[in-house]
Amino acid sequence: MIPAKGFYEWSPSKEKYWFEDGSPILFLAGCFNAQRKFVIITTNANDSVSPVHSRMPLLLSEGELEGWLFDEDTMKVALQKIPQMLNRRTDYEQMSLFS
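Residues numbered from 1 in each chain as written. Predicted model: local features only at pLDDT ≥ 70, side-chain atom pairs only at ≥ 80, totals over all residues. Heavy atoms only, no water.

Topic: the side chain of Asn46
Then, in step 1: Inspection of the secondary structure puts Asn46 in the loop between β7 (42-44) and β8 (55-57).
Then, in step 2: According to the relative accessible area criterion, Asn46 is buried, its value standing at 4%.
Then, in step 3: Aside from chain neighbours lying at most four places away, what touches Asn46 is Met56, Ile82, Pro83, Gln84 and Met85. (Helix = DSSP H or I, 4+ residues; strand = E, 2+ residues; numbered from the N terminus. Buried < 20%, exposed > 50% of the residue type's maximum accessible area, 1.4 Å probe, protein only. Contact = heavy atoms within 4.5 Å.)

Some thoughts on the nonpolar core
Then, in step 1: Residues Phe7, Phe19, Val49 and Leu86 are the most contacted members of the largest nonpolar core, which totals 13 residues.
Then, in step 2: Counting only elements with at least two residues in this core, the list comes to β1 (2-4), β3 (16-20) and β4 (26-28).
Then, in step 3: Excluding residues that lie within four positions of it along the chain, Leu86 makes contacts with Phe7, Phe19, Glu20, Asp21, Leu26, Ser48, Val49, Met56 and Leu59.
Then, in step 4: In terms of nonpolar packing, the next biggest core, distinct from the first, is built from eight residues, Phe27, Ile41, Leu58 and Leu60 among them. (Core = buried A, V, L, I, M, F, W, Y, C linked by side-chain atoms within 4.5 Å.)

As for the packing of aromatic side chains
Then, in step 1: Counted under the stated rule, the structure contains three aromatic pairs.
Then, in step 2: Between the aromatic rings of Tyr8 and Trp10, the centroid separation amounts to 6.0 Å while the plane-to-plane angle is 40 degrees, which identifies the pairing as tilted.
Then, in step 3: Taking the relative accessible area as the measure of exposure, Tyr8 reaches 38% and is therefore partly exposed.
Then, in step 4: Using a relative accessible area of 43% as the deciding quantity, one classes Trp10 as partly exposed. (Phe/Tyr/Trp six-rings, centres within 6.5 Å; stacked < 30°, edge-to-face > 60°.)

Focus on the pattern of salt bridges
Then, in step 1: With the rule as written, the count across this model stands at three salt bridges.
Then, in step 2: Note that Lys81 and Glu64 form a salt bridge whose closest N and O atoms lie 2.8 Å from each other. You can see Lys81 sitting in the loop between α2 (72-80) and β10 (87-89) and its partner Glu64 sitting in the loop between β9 (59-60) and α1 (65-70), a full 17 residues away along the chain.
Then, in step 3: For Lys81, a relative accessible area of 22% translates into the label partly exposed.
Then, in step 4: A salt bridge links Lys76 to Glu72; the shortest N-O distance between them is 3.3 Å. (Salt bridge = Lys/Arg side-chain N within 4 Å of Asp/Glu carboxyl O.)

A word on the environment of Arg88
Then, in step 1: Along the polypeptide, Arg88 turns up in strand β10.
Then, in step 2: Note on Arg88: relative accessible area 42%, which makes it partly exposed.
Then, in step 3: Separated by 71 residues in the primary sequence, Arg88 and Tyr17 have C-alpha atoms spaced 6.5 Å apart.
Then, in step 4: The residues contacting Arg88, other than those within four sequence positions of it, are Tyr17, Trp18, Phe19, Ser48, Pro51 and Val52.
Then, in step 5: Here Ser48 takes part through its backbone oxygen, which lies 3.2 Å from a polar atom of the side chain of Arg88. (Polar contact = N/O pair within 3.5 Å; in protein donor to acceptor, adjacent residues only side chain to side chain.)

Following this line, the structure appears as structure tokens:
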């Protein structure tokens with residue numbers, strides 16, 4: 001798992017949005033290999049992210065962390081779940097001269 005405060009996604013029009021749930025840490029599901037590289041596993045976007053992007057990180061709850069690391073059945077269930085709703089914000093609003 002990858003601990004993070006939140007994550008960014010970019011809309012098709014290249015607007016950057018920040019997503020978080022108000023907690024100190026989000027846990028993003030990931031894989032780590034022997035070359036010390038990791039990837040964040042993504043899933044279909046839920047209703048809070050889908051207006052911006054079609055995918056989002058797979059989020060784990062604190063209760064799923066040990067299972068994600070050590071239990072294949074927990075991992076299978078986590079890969080099928082819909083992530084919790086998140087808060088979305090942007091620091092600016094992209095403007096266009098052409099509509």
